[in-house]
Amino acid sequence: MKAVIPLGGKGTRLRPHTFTRPKALLHVAGKPALGHILDEVAAAGITEAVLVLGQMGEQIEEYVRSAYPRMTATFVEQREPLGLGHAVSLTRDAVGKEGALIIYGDTLFEADLRPQLSTRKDASLGTISCDDPRPFGIVERSGGRVTRLVEKPKEKKRGEVIVGVNVIRDSGGLYDALEELMRKNLRTKNEYQLTDAMQLMVEHGAAFTTFPVKRWLDCGSVDNMLASNAALLVRKGKVLAELAGSSVAAPCHVAKGAVIERSRIGPNVSIAEGAVIRNSVLKDCIIHESCVIENCVLDKSIIGGHAVVRGFRGSTSLGDFSSLAGSR
Ligand code: G1P
């Protein structure tokens, strides 16, 4: 089985950060969000991944090749934003009938994937229960059997939501359904939806089941990214740099090679390699590589790579290579 990870989304809710890097490369708890996904893939024993890339895809290619050299990665380009179903359809040649573990690119999760990979059903979808499933795809069932999948249901009624971790054993059937969807031009919200293709499979008699996702961490907006950072740091945070005259309140991640001087860090702060923090107080922040922060009090902030912030107090989202100066 191969992992399929669609990463074509533009990440408009994460601007300005996504003007210069794909959202999957924004850091959460010490590494790019994509790193957490690839760690789950590797932990499930999968060694081959097919990644569908959109804008700035070359950055993703470079990251995967350098950070996951043992993963056999294939990169496929999605030139038009025609939806998740379209993105997955582009992986047919790379995956064929071998089976696919499809993980949506903005989905950080905790679930026990290994038993699902040997499912005897045609597909097993990771789900979680949700009070208002209207922004998602849902699974309807009768008894143990999945009877219908609906993308963006109209009714606000508690339901079982598709998280974005799908084990598709019958990948040949899925690719056929995706082709049917596109041939018949069946779109929801003007896009070719993966949920709609899986519904076609159900209509053609495929047997679907579900498995519980214990925790689902969204990274689609600045607030959600900071909340996911805080949640993941509890398990994944490590302080790996020297701290000169500074203190750290857990949970935090401080990468090796970061310089922290006369500062108070934490809780819920993630600091990447090469960052320099001096005379500052940081709480609930994601600090990307090689940025400089001096004489600041930062809360609920994401600071881009190579950015410079001096004398600023408050909360901000500063893009890569940008600078911000406040008065103190
Ligand atoms: C996509 C899927 C939807 C799923 C959701 C999970 O929606 O189409 O079925 O429930 O991801 O995040 P999107 O986030 O693209 O609107």
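Residues numbered from 1 in each chain as written. Predicted model: local features only at pLDDT ≥ 70, side-chain atom pairs only at ≥ 80, totals over all residues. Heavy atoms only, no water.

Let's talk about the site of the ligand
Selection criterion: Near is defined per residue: the residue qualifies when any heavy atom it owns lies within 4 Å of the molecule or strand. Counted as a polar contact is a pair of N or O atoms within 3.5 Å, where, for protein atoms, one must be capable of donating a hydrogen and the other of accepting one, and residues adjacent in sequence contribute only when both atoms are in side chains. With residues, only the protein chains shown are counted as cover, and all accessible areas are computed by Shrake-Rupley using a 1.4 Å probe. Any residue outside Ala, Val, Leu, Ile, Met, Phe, Trp, Tyr, Cys, Pro, Asp, Glu, Lys and Arg is labelled polar, Gly included; the first ten of those are nonpolar and the last four are charged.
Every residue close to the ligand is listed here: Tyr104, Phe136, Gly137, Glu151, Lys152, Ile162, Val163, Gln193, Thr195 and Trp216. In the model, an oxygen atom of the ligand is placed 2.7 Å from a nitrogen or oxygen of the Lys152 side chain. In isolation the ligand has 380 Å² of accessible area, and contact with the protein removes 74% of it. Considering only residue class, the shell around the ligand consists of 5 nonpolar, 3 polar and 2 charged.

Quick look at the packing of helix α7 (residues 171-183) against helix α8 (residues 194-203)
Going by this rule: Every axis in this analysis is a line fitted to C-alpha atoms, fitted for helices over the stretch in contact. Angles between the N-to-C directions lie between 0 and 180 degrees. Secondary structure is summarised from DSSP: a helix means a run of H or I of at least four residues, a strand means a run of E of at least two, and numbering begins at the N terminus for each. Should an angle fall under 35 degrees it is taken as roughly parallel, and over 145 as roughly antiparallel, whereas 65 to 115 is taken as roughly perpendicular and any remaining angle as oblique. If you view the pair so one helix is near and one far, a crossing is left-handed when the near helix is turned anticlockwise from the far one by less than a right angle, and right-handed when it is turned clockwise. Residue contacts are defined here by distance: any two heavy atoms, one from each residue, within 4.5 Å place the two residues in contact.
Contact geometry for α7 and α8: axes closest at 8 Å, N-to-C directions at 110°. By the criterion of interaxial angle, the relationship of α7 to α8 is roughly perpendicular. Seen from above, α7 lies across α8 with right-handed handedness. Mapping the contact onto sequence places Gly173, Leu174, Ala177, Leu178, Glu180 and Leu181 in α7 and Leu194, Asp196, Ala197, Met198, Leu200 and Met201 in α8.

Things to note about the sheet that holds strand β22 (residues 292-294)
How we decide: For two strands to pair, DSSP has to find at least two bridges joining them.
In space, the 6 strands of this open sheet follow the order β14-β17-β20-β22-β24-β27, with parallel pairing throughout. The open sheet has two free edges, formed respectively by β14 (243-244) and β27 (323-325), since each of these has just one partner strand. One ladder, built from 3 bridges, connects β22 with strand β24 (residues 308-310); its direction is parallel. Each bridged residue has a counterpart across the sheet, and for Glu294 the counterpart in β24 is Arg310.

Observations regarding the state of the cysteines
Here, disulfide denotes a covalent bond that connects the sulfur atoms of two cysteines. Basically, it comes down to this: A pair of sulfur atoms, both from cysteines and within 2.5 Å, is called a disulfide here.
Taken as a whole and assessed by the stated rule, the structure comprises 0 disulfides. Of all cysteine sulfurs in the structure, the one in Cys285 sits closest to Cys252, which takes part in no disulfide; the separation is 9.6 Å.

Structural notes on the packing of helix α2 (residues 33-43) against helix α3 (residues 57-67)
At a minimum axis separation of 11 Å, α2 and α3 run at an interaxial angle of 45°. The orientation of α2 with respect to α3, classified from their angle, is oblique. Crossing angle aside, the handedness with which α2 passes α3 is right-handed. Side by side, α2 and α3 meet where Leu34, Gly35 and Leu38 of the first sit next to Ile60, Tyr63 and Val64 of the second. For the contact of α2 with α3, a count of residues per class yields 5 nonpolar, 1 polar and no charged.

Side note on the environment of Arg158
The following threshold applies: Working definition: with a 1.4 Å probe on protein chains only, accessible area under 20% of the residue-type maximum means buried, over 50% means exposed, and in between means partly exposed.
Tracing the chain through its elements places Arg158 in the loop between β10 (145-151) and β11 (159-168). Look at Arg158 and you get exposed, because its relative accessible area is 52%. Distance in space between the C-alpha atoms of Arg158 and Val276 is 46 Å, their sequence separation being 118 residues. The contacts of Arg158, once residues within four sequence positions are left out, are Ser129, Cys130 and Asp131. Engagement of the side chain of Arg158 in a polar contact is seen with the side chain of Ser129, the distance being 3.0 Å.

Let's talk about the pattern of salt bridges
The test is simple: Note on definitions: salt bridges are taken to be side-chain nitrogens of Lys or Arg within 4 Å of carboxyl oxygens of Asp or Glu.
With the rule as written, the count across this model stands at 21 salt bridges. Glu48 is the salt-bridge partner of Lys2, the closest N and O atoms lying 3.5 Å from each other. Note that Lys2 is positioned in strand β1 (residues 2-7) and Glu48 in strand β4 (residues 48-53), a separation of 46 residues in sequence. Residue class for Glu48 comes out partly exposed when judged on its relative accessible area of 30%. In this structure, Asp106 and Lys23 form a salt bridge, with 3.3 Å as the shortest nitrogen-oxygen distance. Placement of the pair is Asp106 in the loop between β6 (100-103) and β7 (107-110) and Lys23 in the loop between α1 (17-20) and β2 (27-28), with a sequence separation of 83 residues. By relative accessible area, Asp106 is classed as partly exposed at 29%.

Examining helix α9 (residues 222-236)
Formally: A helix is expected to span 1.5 Å for every residue after the first.
Helix length check: α9 (15 residues) gives 20 Å between terminal C-alpha atoms against 21 Å at 1.5 Å per residue, within 8%. Regarding α9, the residues found buried are Val222, Met225, Leu226, Ser228, Asn229, Ala230, Ala231, Leu232 and Leu233.

Structural notes on the pairing of strand β12 (residues 208-212)
Most of β12 sits out of view: 4 of its 5 residues are buried. Pairing analysis gives 5 bridges linking strand β8 (residues 123-130) to β12, with the strands arranged parallel. The partner of Gly126 across the bridge, within β12, is Phe211.

Quick look at the environment of Val292
When you line up the elements, Val292 lands in strand β22. Between the C-alpha atoms of Val292 and His306, which are 14 residues apart in sequence, the distance is 7.2 Å. Apart from the residues within four sequence positions on either side, Val292 is in contact with Val276, Ala307, Val308, Val309 and Arg310.

Comments concerning the nonpolar core
Selection criterion: Nonpolar core, defined: a set of buried Ala, Val, Leu, Ile, Met, Phe, Trp, Tyr and Cys residues in which side-chain atoms within 4.5 Å join the residues together.
Among the nonpolar cores identified, the biggest contains 47 residues, and Leu34, Leu51 and Val64 are the most heavily contacted of them. Broken down by secondary-structure element, the contributors of at least two residues to this core are β1, α2, β4, α3, β6, β7, β11 and α9. In terms of residue count, the dominant contributor to this core is α9 (6 residues). Sequence-distant contacts of Val64, that is, excluding residues within four places in its chain, are made with Leu34, Leu38, Leu51, Pro69, Ala73 and Phe75. Ala94, Leu125, Val146 and Ile162 belong to the second largest nonpolar core, which has 30 residues in total.

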